[in-house]
Every structure is written in C-alpha cells, then in structure tokens.
Amino acid sequence: MSAGTFTPRPGAAPVSRMILAQTALETRMLLRNGEQLLLTVIIPALLLVLFSAVDIIDVGTGKSVDFLAPGILALAVMSTAFTGQAIATGFDRRYGILKRLGASPLPRWALLAAKTLSVLVTEVLQIALLTVIAFALGWSPHGDPLSAALLILLGTAAFSGLGLLMAGTLRAEATLAAANLVFLLLLVGGGVIVPMDKFPGAVQSVLGLLPISALSDGLREVLQHGTALPWGDAAILAVWAVLGLGAAARWFRWE
C-alpha cells in the first residue's frame, strides 16, 4: 500500500452533481411541507373532482372534465412554479439560507437551476396524479402531447421568473400574502374554471394577456379541441418568461 492512499482530496464536486443533489433536497423539502403540498397537489385535485362532478358552472357543450382538466393542469403549474416557489424562496432568503448557500461552492446560478429542476420534478408528479384523476372522471384528451408539453415548459419558465422576482424583492411576509392573493385572483379570472367568454369583452382582452390565461387556453385548444400548437398563447408565455426571468436576474436580492 503506497503512502497517501487514504489522503483526503478536498475540493468541490462537479457542478452537475451539486445541482442534482440540491434538486433532490429542494424536492424533498417541498414534498414534506404540508402547506405547500396542500397548495400544489390537493387543491387542484379537489377542484377538478368538485367542478367535474357538480354542474356549478356552464362550460358549454361536452363533458365538464374535458374543459376543466386543461385549466387545472395550468393551475397546477402556477401553484408550483409561481406560488410555491415564491413563498419557499422568500423564506429561504429571510432566514439567510440563500446567503449561506451563495457562499458555498454551489454557484448562485446553479442554485436557481436546482430550484427550477425541483419545480419541474414536482410538476411531473402533479400532472401524473391529475391526469389519472381526470381519466377516472371520463376525460378524453386530444391533440399532440408534445405541444402541451411545450406550453407547460413555457408556462413554467414564465411563472418561475415571476415567482423568483417576487421572492427576491419583497419581504417574506409580503411574498406570502401577495403570492396567495395572486393565486386566488388568477384562479377566478384566468380561465381555469370560469370560461373567458363569461367576462365582458374589454375584460377578456386584458385577462387574455395573463400567463395563466394563455396557458389554460393553450392547453384547452390542444387537449380539448385537438388543434395544433396555439402560437399566440405560446408567444404570450414566451414574452412573460423573458420579462420575468430577466427582471429576476436583474433585481433578485440574496439578502
């Protein structure tokens, strides 16, 4: 046995390994948080079951679940990428966790990448669960799954940017209140459950520019009506993604 065989070799792990480890940690923390689990999984599932089983809102011809399922998928993306991420990151910033991680070998951009990957992992679990529930309720989706996946990725980028912007500029308590308020407002006015044609024409034009409206309408066009990728909705989501991520990169405060 040569000398130095067991000599420690200090040094940072490869960035890719650090990102994967941080992603796993972020995902476990999210799934262990009862409040976040309620927001990201239980509430969308309950809304899907309730409004599909009870004829409360007129969604036009066809089964209620065919209209509701795409909107609930959009709501699940918003609840994780925006509301959940904004609240969790805001309190990480308040308690100094981001500051300490920023001083570790993990680069700051890699930390944000790990948070984004954690969001995507959670969304996969959400979508799988909601899809099973929707199928049990009689959902009959149409269209190209790749188009739906692209819309979800664009929506994730848009909501992640807005969530990080809020978490990086406001106090944690303000982020908690604002993120939940936005969630409730967009649940009602974003075309998730209430069809957009139920609003006045001028209001429809404004609401149609919101990321939740673009995502829910785009998914509905693909999964309910079987159309090709709705480029208008995709463009709205892309603009929100660029603006949100750009603003978060510019104004995010780590302390």
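Right above here is the structure, for reference.
This is a predicted model, so every value here is computed, not measured.

1. Digging into the layout of surface pockets
Taken as a whole, the largest pocket encloses approximately 340 Å³ of empty space. Taken together, 17 residues make up the lining of the largest pocket; nearest its centre are Glu26, Leu30, Gly84, Ala88 and Thr89. Contributing elements (two or more residues each) for the lining of the largest pocket: α1 (15-32), α2 (34-53), α3 (64-94) and α5 (108-136). Per element, the largest residue contribution to the lining of the largest pocket is 8 residues, and it comes from α3. A class-by-class count of the residues in the lining of the largest pocket yields 6 nonpolar, 7 polar and 4 charged.

2. Describing the environment of alanine 110
Along the polypeptide, alanine 110 turns up in helix α5. Judged by its relative accessible area of 0%, alanine 110 falls in the buried class. Between the C-alpha atoms of alanine 110 and leucine 120, which are 10 residues apart in sequence, the distance is 15 Å.

3. Observations concerning the packing of helix α9 (residues 211-223) against helix α10 (residues 231-251)
It is the contact of α9 with α10, at a shortest axis distance of 9 Å, that shows an interaxial angle of 145 degrees. Helix-helix and strand crossings are classified by hand; for α9 and α10 the assignment is left-handed. The segment α9 lies against α10, with Pro211, Ala214, Leu215, Asp217 and Gly218 engaging Asp233, Ile236, Leu237 and Trp240. Class assignment for the residues of the contact of α9 with α10 results in 6 nonpolar, 1 polar and 2 charged.

4. So, the pattern of salt bridges
Pairing of side chains with opposite charge becomes possible as their charged atoms draw close. This model, assessed by the stated rule, comprises 5 salt bridges. With a closest N to O distance of 3.3 Å, lysine 115 and glutamate 26 form a salt bridge. Of this pair, lysine 115 sits in helix α5 while glutamate 26 is found in helix α1, placing the two residues 89 residues apart along the sequence. Glutamate 26 matches lysine 115 in its accessibility class, with the two residues each being buried. A salt bridge links arginine 220 to aspartate 217; its shortest N-O distance comes to 3.5 Å. Within this pair, arginine 220 and its partner aspartate 217 are both found in helix α9, separated by 3 residues, close to a single helical turn. The network of salt bridges with common partners includes Glu26, Asp92 and Lys115.

5. So, the side chain of threonine 89
Mapped onto the secondary structure, threonine 89 falls in helix α3. A relative accessible area of 1% places threonine 89 in the buried class.

6. Examining a nonpolar patch on the surface
Together, Leu31, Val121 and Leu125 make up a nonpolar patch on the protein surface, roughly 240 Å² of accessible area in all. Among the secondary structure elements, valine 121 is positioned in helix α5. Overall, valine 121 belongs to the partly exposed group, its relative accessible area being 38%.

7. Quick word on the packing of aromatic side chains
Under the definition given, this model contains 2 aromatic pairs. Taking the centre distance of 6.1 Å and the plane angle of 35 degrees together, the rings of phenylalanine 91 and tyrosine 95 count as tilted. Centre to centre, the rings of phenylalanine 135 and tryptophan 139 are 5.6 Å apart; their planes meet at 35 degrees, and the pair counts as tilted. Taking relative accessible area as the criterion, phenylalanine 135 reaches 47% and is therefore assigned partly exposed.

8. So, helix α6 (residues 145-169)
The end-to-end C-alpha distance of α6 is 36 Å, a good match for the 36 Å that 25 residues give at a rise of 1.5 Å each. One side-chain oxygen of the residue at the start of α6 lies 3.1 Å from the amide nitrogen of leucine 146, identifying that residue as aspartate 144.

9. Here we look at the nonpolar core
Burial of nonpolar side chains together is a common tendency in soluble globular proteins. Among the nonpolar cores identified, the biggest contains 46 residues, and Leu48, Leu75, Met78, Leu151, Phe159, Leu215 and Leu219 are the most heavily contacted of them. For this core, the secondary structure elements donating two or more residues are α2, α3, α5, α6, α7 (172-189), α9 and α10. Per-element tally for this core: the top contributor is α3, with 15 residues. Here methionine 78 is in contact with Thr83, Phe159, Phe183, Leu186 and Ile212, once residues within four sequence places are set aside.

10. A closer look at α1
Three- or four-residue spacings in an α-helix give side chains the same orientation, since the helix completes a turn every 3.6 residues. For α1, which comprises 18 residues, the first-to-last C-alpha distance of 26 Å matches the rise-based estimate of 26 Å (1.5 Å per residue) to within 8%. Within the span of α1, buried status applies to Met18, Ile19, Gln22, Thr23, Glu26, Thr27 and Leu30. One side of α1 carries all its buried residues, which in axial view fall inside an arc of 165 degrees. Exposed and oriented more than 90 degrees from the buried face of α1 are Arg17, Leu20 and Arg32.

Thresholds applied
- Residues numbered from 1 in each chain as written.
- Predicted model: local features only at pLDDT ≥ 70, side-chain atom pairs only at ≥ 80, totals over all residues.
- Heavy atoms only, no water.
- 1 Å grid on protein atoms, 1.4 Å probe; cavity = no way out; pocket = protein on both sides within 12 Å on 5 of 7 lines; lining within 4 Å.
- Points joined across faces, edges and corners; volume = space filled by probe spheres on them.
- Helix = DSSP H or I, 4+ residues; strand = E, 2+ residues; numbered from the N terminus.
- Nonpolar A, V, L, I, M, F, W, Y, C, P; charged D, E, K, R; others polar.
- Buried < 20%, exposed > 50% of the residue type's maximum accessible area, 1.4 Å probe, protein only.
- Axes fitted to C-alpha atoms, helices over the stretch in contact; angles between N-to-C directions.
- Left-handed = near helix turned anticlockwise from the far one by under 90°.
- Contact = heavy atoms within 4.5 Å.
- Salt bridge = Lys/Arg side-chain N within 4 Å of Asp/Glu carboxyl O.
- Patch = residues over 30% accessible without salt bridge, like charges linked within 9 Å, V, L, I, M, F, W, Y side chains within 5 Å.
- Areas by Shrake-Rupley, 256 points an atom, 1.4 Å probe, with all protein chains shown as cover.
- Phe/Tyr/Trp six-rings, centres within 6.5 Å; stacked < 30°, edge-to-face > 60°.
- Expected span 1.5 Å × (residues − 1).
- Polar contact = N/O pair within 3.5 Å; in protein donor to acceptor, adjacent residues only side chain to side chain.
- Core = buried A, V, L, I, M, F, W, Y, C linked by side-chain atoms within 4.5 Å.
- Arc of directions from axis to C-beta.

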